[in-house]
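Remarks on the overall topology
Here is what each chain is made of, one letter per residue.
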Amino acid sequence: MEPAQIRQLMEDQLKHSRRLQARIHELEDERHAPLAVAGMSLRLPGGLDTPDAYWDFLRGEGTADSEIPEDRPGLRAAYDPVPGKPGRSYVGRAGFLADIAHFDAEFFGISQREAKLLDPQQRMLLETAWEAMERAGIAVRRSDRLDVGVYLGMMASEYGERLADRSDLTRIDPYFTTGGGLCFGAGRISHVMGFRGPVLSVDTACSSSLSALHLAVRALRAGECRYALVCGSNLLLSAGLMVSLCQTRAVSPDGRSKSFLASADGYGRGEGVGALVLMRLDDAENEGRPVLATVRGSAVNHDGAASGLTAPNGPAQQEVFRAALADARVGPGELGYVEAHGTGTALGDPIEVGALDEVVGAAVRERGVPLPIGSVKARLGHLEAASGIAAVIKTVLMLQHGEIPAALPDDGAELNPHIPWDRLALTVPRRTRPWPLPRKVAGVNSFGMSGTNAHVVLEAYEPVGGPAPAATGRPELLTLSARDPVALAELVGAVSGYLKTMDEAQLPSLCHTLRTGRAAFAHRIAVTGTTAGELADGLAEALATARSRGPATAPRESAVRTVVLRFSGDETRLAEGVAELADAFPALAAFPAAAASPAAAVGPAAAERGPGGALARLVGRFGIRVRPERDTGAGEPARLEWETADGTSAAPLVGHERGTAPGSLLAALAELFRAGAELRFGELGAAGTPLLGDLPTYPFQRKRFWIDEPLVGAGGGREDTAVAGRRHRAPAPVDREAVRAYLMAELTEALHASEEPDTDGSFLDAGGDSLLSVLFITKVEESYRLGLTAEELPLDLPLGELFGRLADDIADQARTAGADGREQDV
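Quick summary incoming for the structure in this document. Just so you know, these numbers come straight off a predicted model, no measurement behind them.

**A look at the sheet that holds strand 1 (residues 35–43)**
One open sheet holds the 11 strands; their spatial order is 6-5-7-8-1-9-16-15-10-11-13, and the pairing between them is mixed. Single-partner strands in this sheet number two, and they are strand 6 (199–202) and strand 13 (426–427). As paired strands, strand 11 (residues 371–374) and strand 13 are joined by two bridges and run parallel to one another. When the bridges of strand 13 are listed, proline 372 appears paired with threonine 427. Set on the sheet, helix 5 (residues 120–135) makes contact with strand 1, strand 5 (148–154), strand 7 (227–234) and strand 8 (272–280); between it and strand 1 the angle comes to about 135°.

**Description of the pairing of strand 17 (residues 476–482)**
Extensive coverage of strand 17 is indicated by the burial of seven of its seven residues. Side-chain alternation along strand 17 places Glu476, Leu478, Leu480 and Ala482 on one buried face and Leu477, Thr479 and Ser481 on a second face that is also buried. Pairing analysis gives seven bridges linking strand 17 to strand 18 (residues 523–529), with the strands arranged antiparallel. Paired with leucine 478 across the two strands is valine 527, which belongs to strand 18.

**Description of the packing of aromatic side chains**
What the rule picks out here adds up to 19 aromatic pairs. Between phenylalanine 107 and phenylalanine 108, the aromatic rings sit 4.8 Å apart at their centres with planes inclined by 85°, giving edge-to-face as the arrangement. Accessibility classification places phenylalanine 107 together with phenylalanine 108 in one group, the buried group. Where phenylalanine 108 meets tryptophan 130, the ring centres are 6.4 Å apart and the plane angle is 85°; that geometry is what we call edge-to-face. Of the two residues, phenylalanine 108 is situated in the loop between strand 4 (102–103) and helix 4 (112–117) and tryptophan 130 in helix 5; the sequence distance between them amounts to 22 residues. By the burial criterion, phenylalanine 108 is buried, and tryptophan 130 matches it. Taken together, the ring pairs in this structure connect Phe103, Phe107, Phe108, Trp130, Phe521, Tyr698, Phe700 and Phe705 into an aromatic cluster. The ring of phenylalanine 57 has arginine 379 sitting right over it, with the charged end atom 4.3 Å from the ring centre. Against the face of phenylalanine 107 rests arginine 483, its NZ or CZ located 5.2 Å from the ring centre.

**Topic: the pattern of salt bridges**
The final tally for this structure, using the stated rule, is 46 salt bridges. Between arginine 639 and glutamate 636 there is a salt bridge, with the nearest N and O atoms lying 3.7 Å from each other. Among the residues examined, glutamate 636 registers a relative accessible area of 25% and is labelled partly exposed. One salt-bridge network, held together by shared partners, links Arg566, Arg627, Glu629, Glu636, Arg639 and Glu641.

**So, the nonpolar core**
Leu229, Leu478 and Leu499 are the most contacted members of the largest nonpolar core, which has 79 residues in total. At eight residues, the largest contribution of residues to this core is made by helix 15 (residues 485–501). With sequence-adjacent residues up to four places away left out, leucine 229 is seen in contact with Ala129, Ala132, Met133, Val148, Gly149, Val150, Tyr151, Ile189, Phe195, Ala275, Leu276 and Val277. Counting residues in hydrophobic clusters, the runner-up holds 50 residues, among them Val37, Leu210, Cys225 and Val444.

**Observations concerning the sheet that holds strand 20 (residues 625–630)**
Here we have four strands laid out as an open sheet, ordered 20-19-21-22, and mixed in their pairing. The sheet is open, and its two edges are formed by strand 20 and strand 22 (647–654), each paired on a single side. Averaged over all neighbouring strand pairs, the angle between strand axes comes to 25°, with direction disregarded. The pairing of strand 19 (residues 562–567) with strand 20 spans six bridges and is parallel. Its bridge partner being in strand 20, valine 563 is matched across the sheet by valine 626. Helix 20 (residues 661–674) rests against strand 19, strand 21 (638–644) and strand 22 of the sheet, and its axis sits at about 155° to strand 22.

**A closer look at the environment of aspartate 808**
By secondary structure assignment, the location of aspartate 808 is in helix 23 (residues 799–817). Along the sequence, aspartate 808 and valine 739 sit 69 residues apart, while their C-alpha atoms lie 9.4 Å from each other.

**Section: helix 15**
Over its 17 residues, helix 15 extends 25 Å from the first C-alpha to the last, a length consistent with the 24 Å expected when each residue adds 1.5 Å. Among the residues of helix 15, Ala487, Leu488, Ala489, Leu491, Val492, Val495, Ser496, Tyr498 and Leu499 are the ones counted as buried. Taken together, the buried residues of helix 15 touch strand 17, helix 16 (507–516), strand 18 and helix 17 (532–548). In this structure aspartate 484 caps helix 15, since a side-chain oxygen of it lies 3.0 Å from the backbone nitrogen of valine 486.

So, how was this worked out
- Residues numbered from 1 in each chain as written.
- Predicted model: local features only at pLDDT ≥ 70, side-chain atom pairs only at ≥ 80, totals over all residues.
- Heavy atoms only, no water.
- Pairing = 2+ DSSP bridges.
- Helix = DSSP H or I, 4+ residues; strand = E, 2+ residues; numbered from the N terminus.
- Contact = heavy atoms within 4.5 Å.
- Axes fitted to C-alpha atoms, helices over the stretch in contact; angles between N-to-C directions.
- Buried < 20%, exposed > 50% of the residue type's maximum accessible area, 1.4 Å probe, protein only.
- Phe/Tyr/Trp six-rings, centres within 6.5 Å; stacked < 30°, edge-to-face > 60°.
- Lys NZ or Arg CZ within 6 Å of the ring centre and 35° of its normal.
- Salt bridge = Lys/Arg side-chain N within 4 Å of Asp/Glu carboxyl O.
- Core = buried A, V, L, I, M, F, W, Y, C linked by side-chain atoms within 4.5 Å.
- Expected span 1.5 Å × (residues − 1).
- Polar contact = N/O pair within 3.5 Å; in protein donor to acceptor, adjacent residues only side chain to side chain.

This is the structure:
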């Protein structure tokens, strides 16, 4: 080869090598990509139901344990303060949730019958998952099929034991299965909210929710989903597990975990539910999501051949610490805090602390600043499968505030003497202190009785780039909605209160979040204003007006799908109006008309190259069809018209006065929103407007759904009191109206509904599903012959049409049979 050819070959090889190295670095970065914690929600002992309330609790004093509630008669009956008695529990206190019986079944489209049979964990998981998504600014609409994975840590479902009386199986129906199994806790979230990502339920005992978080981290990095809901749940409903734990002396007699103290005598049990929204950090920044903290790395392993299945293993814990730090690309000396498992047992605490010091001790001693450790179990109790999620939420709050709350009371209580504190680089703070290092990095540790260990490394989020866009002084549109008027009034009150205390500079973010980060429901309010005070006053006035009108039927969602843009021949003013809108809302005019979605199609008239067509395309960006029509006799240069049940409605879009077009557009959008139009507001906000994560969330309405525990040995064929004694005599099949009334009565009974469902709504709208349809049809077949198949009776039909088809089929079958068509009365 010629020298020039050799030189060229070497240059080509060098370029290829550099490309390969760059790709290797890129793949390595993807393997270790940081994740954003974008939203959090919780239900914890002590009545804690918001992150702010949790933080106030952490910075305060006292514990969250309480006596066994009266609605847990099995636990109360098993209690005996004398340890060691067979079949008895010596624990009379634990970290109990204040209310687990109430639930907003209607909000989630669940029938009263099914809601009563659902494990309360499933109910609370639905609520906390919804709140976490709202706090992340992600609107949940089933039709969107969001790319969300659900990862749930849960180790027990004890509610169904109330129906497992072998002497009386009459109360067991199809929901006995779906209401309890661990897999259904995660699956129900995805089903109800219409997600399409992976769904996994994880049971590794006390490390369940941290193990679930680890799986979510891996899935997000691998691109298996765009968002991940990480949940943890635990309830204390069964006397059996409590008695078993007492027989092993694993739990403390006073029901409290005494983490790291000499008085440690077992752990205190607790209840709780929590949810986190995770996503890749770069995606969160691109979407303007709240970033509460970042997950830098995680690891999971197992004790293997330890001294016992339930005994912690020091070397295995060292391994998981090192693996998590390596995954996070964080050195041991960079840790500023570790949230330890800290069960408060004589065996567990020394092993965990020793393993941690073995991994980080040398680096911490070298830096000269001790490493603070703590465990929220000393305050909340040990939430078992949900303990990891409670610990992560605590650590995120600490990173946000840059503070380390006291881990133990400042009462001089002696630390565990089996831990050589004087030789360790670790300390347990007894007073609140600032973060010890400039870089805020923390670890969260968890291990389970099954032998599975998990560790997660988190870091405070330091935003990059310039400040958020400042308030422009232009009008803002604020939208709120709910499934019923009571919830809407509560939401209006909460948002009004927030408006009165907020920083005015955040007003564009608040309105942007409420418009784009919330699903739109049937009962709606929309107001415009330039200040927080104006919007608060507008909300109060709108609510008062709605109340003065009395009860009204809310517009059906998406009731308005098409609008007419009627514009005059004033081309000059139309062009000025388009320019005003483009200047006030740059995102609306940032893309060519060809980029508009099919939903924004404007019809043949939009092909006109004048300002009327441009205005039609701009309005179409909100996801509604626009039909432009030239009308030289129109009163305004441009106005929108649409049809409702009450007739034609109209709103000016471009008026005669200059500078009024932005306000007119917002007012028109407000009217369309109230009329039930399904609008997309994403491009209404200025570029770079961040979403706020601390706004009021949906006010779920509370209705009690509860199965009382049967007395031990009770049975005898008892019927559910909700339906006992209710029987309907089937009318003659030729009397179609009477048959329709009978079908409504049977469906109402099957649903366990307190009132008849709306005949304009579908079987699914009423809270029914495929299981309930089987129960309903089976009941009808006890009285009539049916010829229709299930495929010929789709569940999304309006009930009026469904009953009509059934009534016609019943009459046809009776006519064919040549008799009255009824089966034997029951």
